[in-house]
Amino acid sequence: MAASALNGVVEGTGNEKPSKGVTFDDLYRTSSQYRIWSFTKDELLAKRIETNKRGCQITLAKASKVKNPHTLMFESVDVETLTIEEELLLINFFARKAVGLANMFKMPSQVRGTAISFLKKFYLVNSVMEYHPKNIMLTCLFLAAKVENYFISINTFSKKINNTTPESILKYEYQIIKSLHFTLMVRHPFRSLYGFYLDLQDVMPRVDKNVIGKSYDKARGVVNEAIMSDAIFLFTPPQISLAAWRKADKELIDRYLKKKFLKERKSKIKNGLVSIKEEKEDSASVSDSGSVTVKKEKENENDEKEAEDGDENDSEDEYRKNYQKLLEVIENCENTIIDKNSREPSIDEAKLIGKKVHFCINPAKTFKRKREDADAETPGDNSLSVNSAASKEHSSTAIDLSEATKDTEDEQESKRLKV
Amino acid sequence: MTEVVSLSGPEQHDDESTLKVSSNYSKDTKVGEGTYAVVYVGVQKSSHRKIAIKEIKTGGFKDGLDMSAIREMKYLQELRHVNIIELIDIYSEHNGLNLILEYLPYDLEMLIKDKSIIFTPANIKSWMLMTLRGLHHCHRNFILHRDLKPNNLLLSPQGVLKIADFGLARSLGAPNEELTSNVVTRWYRAPELLFGSKHYTGAIDIWSVGVIFAELMLRTPYLPGANDMDQLIVTFRALGSPTEANWTNVSKLPGYNKINIYPPPTRQELRNRFSAATESTLDLICSMLMLDPLKRCTTTEALLSKYFVESPRATDPKSLPKIVPKNK
Amino acid sequence: MGPTKCPYPNCNKILRKNKFKKQIFDDLNIEKECDIRKKILEIYNKQESNFKNLNEYNKYLEEIETIIFNLSHDIDIEETTNLVKQYELMNKELINENNDKISKDYENFMKRQNLEKSFKQTRLKLQKEIEDEDAKLKKLKNLENLNNMYDEGITKNKNNNNNNNNKNVLNQMKESILKKTSARQKQLKELEQRQQERLSQLTSSFGGQQLDDINGKLQKPETPFTPFNGDRVLKLPYNEDNDYYDPIYFNLVEKNDEFRASGYNLKEFFKRSLSEAFIGLDCFICDEK
């Protein structure tokens with residue numbers, strides 16, 4: 001197994017048989033991101049189903065014996081639990097809020113990426129119905145800033161965010177770290193994207209560097225979208241970068257991929273060089289789309305040359321297979337990025353779901369709601385209804401002023417969100 | 001090597017799993033206390049393996065979990081190497097974090113100070129080899145240790161050396177990131193750090209290794225400065241002062257100030273100082289202690305140096321001198 | 001005078017002149033014991049390497065001590081002497097073998113000592129020569145500096161020729177010295193190498209002496225030394241040497257001299273980014289998990 005290639009380096013001073021050497025991919029396989037936070041699509045879904053199920057169970061258990069403040073008796077209330085899709089939508093909603101906050105603090109992309117990664121991972125392990133994302137999101141951002149060496153003191157942090165207190169943010173830090181299984185390092189597609197930007201200059205020297213640069217900028221925008229999606233669980237950072245860039249500029253990346261992974265390997269076999277400059281190729285492929293056919297011809301030419309070198313055919317096949325595989329993976333990744341699971345919900349949707357969450361977490365509030373609904377027919381009778389009527393308007397998370405401190409948080413939060 | 005337990009996959013919920021994990025480890029005797037953690041020795045019950053438990057005090061740091069704890073957790077989780085201390089598990093209990101590390105009773109500092117133990121050149125070579133291998137692994141993952149010293153090079157009962165204490169570690173910086181220059185214990189601090197550099201690289205770790213190398217040969221600290229200002233003087237007196245000629249742009253560093261000009265030591269002076277060293281040894285130590293960080297060797301270059309290939313061959317870790325425990 | 005009978009009334013031993021020796025110790029008893037010890041050890045000359053374990057060896061040593069004690073204190077003389085004679089007869093071959101070994105070891109040891117001595121002398125000589133040449137070089141450099149300063153003064157008066165000649169001469173002298181020094185340094189290195197080789201050829205089972213090179217040879221099995229022990233990325237999937245271009249970072253790093261002084265190398269940063277682009281590229285999670 002690849003991981004043991006590194007672990008197999010056992011004793012101290014070179015008196016054992018040395019293993020074959022290590023590849024970059026082996027290095028990736030030792031990371032916690034690969035070991036613990038990479039899944040197949042099925043596994044991911046299974047996890048979400050399980051977490052959602054548990055969330056429902058807990059909610060229903062809570063709802064089955066709630067103390068009615070009016071009758072002072074325990075009774076069961078009806079609470080609507082969330083579906084997996086609703087959970088995801090709400091998480092996405094708050095993930096984007098986090099981006100806004102990160103920009104306000106002028107945080108680098110690493111911090112932003114790590115915060116979102118923490119948020120999404122947290123909700124693989126816990127359900128939205130157990131912890132409201134608006135709180136978790138803030139703590140994730142704070143923690144991510146610490147982890148990525150962009151330390152902001154809790155006081156500064158909470159001051160800048162309307163009426164949160166240090167305690168309200170810090171109290172979730174522990175739970176988050178635990179849910180992350182104590183893995184704090186995250187590798188993002190940002191730096192690998194930059195790496196490809198450099199490699200493109202090398203592999204396609206005839207393409208104007210400014211053209212590459214502009215394309216890169218576009219790709220960066222797609223990467224920002226990609227980190228919101230499930231791609232971070234299903235693919236590795238280099239694959240995500242390439243997929244994002246291909247989405248932004250299919251033509252350029254297709255050329256790059258062919259050149260790098262098809263041609264290069266052929267030459268590697270021949271000369272043992274790492275990269276080659278195919279002058280003929282380049283002259284045919286500068287910027288216009290008609291170049292595709294021209295290149296194809298050249299490819300065939302080279303293919304024929306290859307056919308002559310007998311056993312190199314096998315390794316060439318292997319490389320072709322690898323190239324196809326890579327292309328396939330990249331296309332899958334592109335699809336994941338635009339998958340509906342990662343879309344941003346509309347404000348109304350978010351409000352609706354947020355309301356549901358509110359009741360899931362605190363079923364006792366349904367009593368107030370019943371009262372509110374009842375009182376809404378006779379407006380102006382008592383102060384409570386006035387407040388509740390007013391509160392109906394601010395309702396991405398429902399508020400109830402007569403409840404304890406938690407609610408004041410909610411109210412303040414919703415005010416902020418409304419802005 | 002035992003498989004990692006609770007870190008190997010997202011498992012079930014809170015208290016249940018914590019109990020399952022924590023009950024696998026026994027916390028026996030306290031062996032040390034630092035500013036942010038208390039260290040115990042214990043046993044991993046499933047394997048009877050001796051372990052060390054670092055219990056991190058939470059609540060002490062007003063900004064939530066302490067930065068050193070975060071760094072240790074973050075980097076030890078990613079760096080798995082025979083010459084880096086192994087993080088076996090983590091669990092939290094009563095809002096306290098417990099890091100389960102492998103048990104490493106001694107460190108290089110203890111060995112150096114114990115004058116009853118004799119170091120042969122092959123022994124020194126062996127320790128240097130293991131240190132450089134561990135550091136190479138850190139650097140190829142773009143992680144700077146930033147606190148290398150004999151105290152942080154721990155030794156297993158089988159004689160294997162392991163780099164520990166990643167509380168100050170961090171990833172290599174991008175050009176637009178500024179790092180703090182207040183890192184590394186003073187005696188092992190590279191000159192660019194002494195001059196307040198904010199954009200340093202892994203070369204600072206190589207410098208520390210060079211100073212440790214010297215200390216292994218001399219059996220006493222090589223560059224012991226009494227304070228930060230003194231450290232500059234001690235360093236340059238031993239290795240010569242930096243000038244524009246031997247270190248481009250040195251005067252542009254924020255903390256640069258004109259000090260006395262000391263001449264660099266001649267090869268003969270070095271031979272006298274390190275009397276047991278061969279020419280290749282001196283070549284290596286000089287390349288690790290170059291004033292200009294760009295001229296310093298990298299871990300790869302150091303490992304490929306002639307020093308490791310020439311005779312005597314590095315001692316097998318099992319045969320390295322060990323500290324004999326006085327009594328149980 | 002020839003061999004005669006011992007004058008003592010009861011002793012019938014025949015005395016010969018060459019059996020007498022000069023007394024070294026004041027105490028006759030010690031003298032006697034030393035003699036006996038010497039004679040016995042010539043016969044009982046086994047070494048630790050002849051025994052399976054330490055216990056056996058210790059038993060053997062004790063035996064010898066008992067014998068010597070008995071003989072020097074006149075206890076069971078006849079019995080003990082017979083024991084010794086018997087042992088001698090039975091182990092004649094082994095005794096001779098061991099004797100050879102011991103003398104060879106001693107030879108080796110002396111060779112070694114001599115080697116070390118001569119090595120030290122040669123090394124000292126070379127080092128001194130290098131030092132002398134360094135000093136000469138320094139002087140020349142000083143001269144050169146003076147010359148340069150003189151030059152600067154002279155160019156104002158447009159009289160260059162002489163000084164060019166001087167410069168050439170100086171350069172030549174410098175070069176020759178530099179050549180010599182580097183040749184000597186080379187010699188030094190070679191000398192050290194040869195010394196190591198010679199030493200490792202001399203094997204010595206000399207009383208458990210732990211010599212590093214011997215230790216090295218005894219470590220089995222002999223595998224070739226690899227500094228990385230196989231743990232190294234050998235083939236880079238990108239081109240290290242290309243001149244990569246990034247307008248933003250270039251400006252940042254070029255404009256600020258501090259980067260150069262800190263050892264920050266933009267190329268290293270590029271290398272890092274390139275590595276990250278390939279770390280994990282071929283890890284296909286859907287297949288591997």
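Rules behind the numbers
Residues numbered from 1 in each chain as written. Chains lettered and ligands numbered in written order. Predicted model: local features only at pLDDT ≥ 70, side-chain atom pairs only at ≥ 80, totals over all residues. Heavy atoms only, no water. UniProt positions renumbered as here; feature names shortened; annotations may be inferred. Helix = DSSP H or I, 4+ residues; strand = E, 2+ residues; numbered from the N terminus. Contact = heavy atoms within 4.5 Å. Areas by Shrake-Rupley, 256 points an atom, 1.4 Å probe, with all protein chains shown as cover. Buried area = accessible area lost by both parts, 1.4 Å probe. Salt bridge = Lys/Arg side-chain N within 4 Å of Asp/Glu carboxyl O. Polar contact = N/O pair within 3.5 Å; in protein donor to acceptor, adjacent residues only side chain to side chain. Nonpolar A, V, L, I, M, F, W, Y, C, P; charged D, E, K, R; others polar. Pairing = 2+ DSSP bridges. Axes fitted to C-alpha atoms, helices over the stretch in contact; angles between N-to-C directions. Buried < 20%, exposed > 50% of the residue type's maximum accessible area, 1.4 Å probe, protein only. Phe/Tyr/Trp six-rings, centres within 6.5 Å; stacked < 30°, edge-to-face > 60°. Lys NZ or Arg CZ within 6 Å of the ring centre and 35° of its normal. Parallel < 35°, antiparallel > 145°, perpendicular 65-115°, else oblique. Left-handed = near helix turned anticlockwise from the far one by under 90°. pLDDT = per-residue confidence, 0-100. Core = buried A, V, L, I, M, F, W, Y, C linked by side-chain atoms within 4.5 Å. Domains from an automatic or database assignment.

Chain C carries the name MAT1 centre domain-containing protein in an unreviewed UniProt entry, which gives Pachysolen tannophilus NRRL Y-2460 as its organism.

If you check an unreviewed UniProt entry, chain A appears there as Cyclin-like domain-containing protein from Pachysolen tannophilus NRRL Y-2460. In its Sequence similarities (unreviewed entry) section, the UniProt record describing chain A reads: "Belongs to the cyclin family."

K.L.:
An account of the overall build of chain A is needed here, citing residue identities and associated values.
P.N.:
Regarding its fold elements, chain A presents 22 helices and two strands. Partitioning the intrachain contacts of chain A with sequence separation of at least 6 by distance along the chain shows that 75% fall at a separation of at least 24. With an accessible surface of roughly 18,200 Å², chain A has 52% of that area assigned to carbon and sulfur atoms.

K.L.:
Describe the interface of chain C and chain B, and please don't skip the residues or the numbers.
P.N.:
Between chain C and chain B, the residue contacts involve 37 residues of the former and 48 residues of the latter. In total, about 3,900 Å² of surface goes out of reach between chain C and chain B, with carbon and sulfur atoms giving 54% of it. Linking chain C with chain B are two salt bridges, by the criterion used here. Of the charged contacts in the structure, one is a salt bridge between B:K252 and C:D257, with a shortest N-O distance of 3.3 Å. For the pair chain C and chain B, the interface holds 11 residue pairs in polar contact (both at pLDDT 80 or more). Secondary-structure elements contributing two or more residues to the side of chain C that touches chain B are α4 (92–155), α5 (161–201), α7 (247–255), α8 (257–261) and α9 (266–278) of chain C. A class-by-class count of the residues in the side of chain C that touches chain B yields 15 nonpolar, 10 polar and 12 charged.

K.L.:
Outline the interface of chain A and chain C, listing residues and values.
P.N.:
Taken together, the contacts link 56 residues of chain A with 42 residues of chain C. Carbon and sulfur atoms supply 58% of the area that chain A and chain C bury against each other, a total of about 4,200 Å² over both sides. When the buried surface of chain A facing chain C is broken down by residue, A:F24, A:R191 and A:Y194 rank first, second and third, together holding 16% of it. The interface formed by chain A and chain C holds one salt bridge in total. As a salt-bridge pair, A:R191 and C:E276 come within 3.3 Å of each other at their nearest N and O atoms. In this assembly, chain A and chain C are joined by 11 residue pairs in polar contact (both at pLDDT 80 or more).

K.L.:
Tell me what's going on with the sheet that holds strand β5 (residues 96–102) of chain B, and back it up with residues and numbers.
P.N.:
Residue and element names in this part refer to chain B. Here we have five strands laid out as an open sheet, ordered β1-β2-β3-β5-β4, and antiparallel in their pairing. Strand pairing shows two members of the sheet lacking a second neighbour, β1 (25–33) and β4 (87–93), which therefore form its edges. If you compare each strand with its neighbour and ignore which way they point, the axes differ by 30° on average. Summarising the sheet, β4 and β5 pair through six bridges and their orientation is antiparallel.

K.L.:
Summarise the environment of A:W245; cite the residues concerned and give the values.
P.N.:
Counting through the fold element by element, A:W245 comes out in helix α14 (residues 237–248). Taking the relative accessible area as the measure of exposure, A:W245 reaches 0% and is therefore buried.

K.L.:
An account of the packing of aromatic side chains is needed here, citing residue identities and associated values.
P.N.:
This model, assessed by the stated rule, comprises 38 aromatic pairs over all chains. Aromatic rings pair up to connect A:Y194, A:Y197, A:Y216, A:W245, C:Y244, C:Y245, C:Y249, C:F250, C:F269 and C:F270 into one cluster. A cation sits over an aromatic face here: A:K325 above C:F284, 5.6 Å from the ring centre. Over the aromatic face of B:Y307 sits the side chain of B:K125, whose NZ or CZ is 4.7 Å from the ring centroid.

K.L.:
How would you sum up the pairing of β1(B)? Please name residues and give values.
P.N.:
All names here are of chain B. Across seven bridges, β1 lies against strand β2 (residues 37–44) in antiparallel orientation. Bridge assignment links G32 to a residue of β2, and that residue is V39. What sits between the antiparallel neighbours β1 and β2 is a turn of three residues.

K.L.:
Would you mind going over the packing of helix α11 (residues 189–203) of chain A against helix α12 (residues 209–226) of chain A in detail, with residue names and values included?
P.N.:
All names here are of chain A. Contact pair α11 / α12: the axes reach a minimum separation of 10 Å and the direction vectors enclose 160°. Viewed along their axes, α11 and α12 adopt a mutual orientation that is roughly antiparallel. By crossing handedness, the relation of α11 to α12 is classed as right-handed. Between α11 and α12, the contacting residues are P189, F190, L193, Y194, Y197, L200 and Q201 on the first element and K209, I212, G213, Y216, A219, R220, V223 and N224 on the second.

K.L.:
Residue-level account of the confidence of the model for chain C, with values.
P.N.:
Low pLDDT means the predicted coordinates in that region are not meant to be read closely. Residues and elements named next belong to chain C. Confidence in the prediction for chain C averages 77 pLDDT; 86% of positions are at 70 or higher. Mean pLDDT across the secondary structure elements of chain C bottoms out at helix α6 (residues 212–218), with 45, and peaks at α9, with 89. Here residues 203–221 is modelled with pLDDT under 50, and outside its nearest four sequence neighbours on either side it reaches 20 contacts, counting other chains as well.

K.L.:
Before we move on, could you go through the pattern of salt bridges and cite the residues and values that matter?
P.N.:
Residues and elements named next belong to chain A. As enumerated under the stated definition, the model contains 37 salt bridges over all chains in all. The salt bridge partner of E173 is K146, with a shortest N-O separation of 2.7 Å. Of this pair, E173 sits in helix α10 (residues 173–179) while K146 sits in helix α7 (residues 133–147), and the two are 27 residues apart along the sequence. When its relative accessible area of 4% is taken as the criterion, E173 is described as buried. Linked through salt bridges whose partners overlap, the residues forming this network are R246, K250, D254, E331 and E334.

K.L.:
Outline the nonpolar core, listing residues and values.
P.N.:
One finds A:W245, A:L257 and B:W127 to be the most contacted residues of the largest nonpolar core, which totals 228 residues. If you count residues domain by domain, this core takes at least three from each of domain 1 (19–102) and domain 2 (107–319) of chain B. Not counting residues within four places of it along the chain, the set of residues in contact with A:W245 comprises A:L193, A:F196, A:Y197, A:L200, A:I212, A:S215, A:Y216, A:A219, A:K250, A:L252 and A:I253. Counting residues in hydrophobic clusters, the runner-up holds 14 residues, among them C:I36, C:I40, C:Y60 and C:I95.

K.L.:
So what about the packing of α11(A) against α9(C)? Which residues, and what values?
P.N.:
Contact geometry of α11(A) with α9(C) gives a least axis separation of 7 Å together with a crossing angle of 105°. As summarised for this structure, α11(A) and α9(C) are arranged roughly perpendicular, according to the angle between their axes. When α11(A) is examined against α9(C), the residues A:R191, A:S192, A:Y194, A:G195, A:F196, A:L198 and A:D199 are found in contact with a partner set consisting of C:F269, C:F270, C:R272, C:S273, C:L274, C:E276, C:A277 and C:F278. When the residues that make up the contact of α11(A) with α9(C) are grouped by side-chain class, the tally is eight nonpolar, three polar and four charged.

K.L.:
Break down the UniProt feature "domain: Cyclin-like" (unreviewed entry) in chain A for me, with residues and values.
P.N.:
The residues that UniProt annotates with the feature "domain: Cyclin-like" (unreviewed entry) are residues 96–178 of chain A. Measuring from the first to the last C-alpha atom of residues 96–178 of chain A gives 24 Å, for a span that is 71% helix and 0% strand.

K.L.:
Go over the side chain of B:N152 with me, naming the residues and quoting the values.
P.N.:
Residue and element names in this part refer to chain B. Mapped onto the elements, N152 comes out in the loop between β7 (143–144) and β8 (153–155). On the accessibility criterion, N152 (5% relative accessible area) is buried. Of the polar contacts made by the side chain of N152, one reaches the backbone oxygen of D147; its length is 2.7 Å. Apart from residues no more than four positions distant in its own chain, N152 is found in contact with H145, D147, K162, I163, A164 and D165.

K.L.:
Go over unusual backbone geometry with me, naming the residues and quoting the values.
P.N.:
Each neighbour pair has its own omega, and for B:S311 with B:P312 the value is -5°, a cis peptide bond. Take B:P312: it is sitting in the segment after α11 (306–309). Of note, the phi angle at A:K106 is positive, near 55°, even though the residue is not glycine.

K.L.:
Describe in detail the environment of B:S319, supporting the description with residues and values.
P.N.:
Among the secondary structure elements, B:S319 is positioned in the segment after α11. Classification of B:S319 as partly exposed rests on a relative accessible area of 43%.

K.L.:
Would you mind going over the pairing of β5(B) in detail, with residue names and values included?
P.N.:
All names here are of chain B. Within β5, seven of the seven residues are buried, which leaves the element mostly enclosed by the surrounding structure. Here six bridges tie strand β3 (residues 49–56) to β5, and the two strands are oriented antiparallel to one another. Note that in β5 the partner of I51 across the bridge is E102.

K.L.:
So what about the sheet that holds strand β6 (residues 106–107) of chain B? Which residues, and what values?
P.N.:
Residue and element names in this part refer to chain B. Spatial ordering of the open sheet is given by β6-β8-β9, a layout of three strands whose pairing is antiparallel. The sheet is open, and its two edges are formed by β6 and β9 (161–163), each paired on a single side. Direction of pairing for β6 relative to β8: antiparallel, over a ladder of two bridges. If you follow D107 over to β8, its bridge partner there is L154. Most of the contacts of helix α4 (residues 121–140) go to β9, to which it runs at about 35°, and overall it touches β8 and β9.

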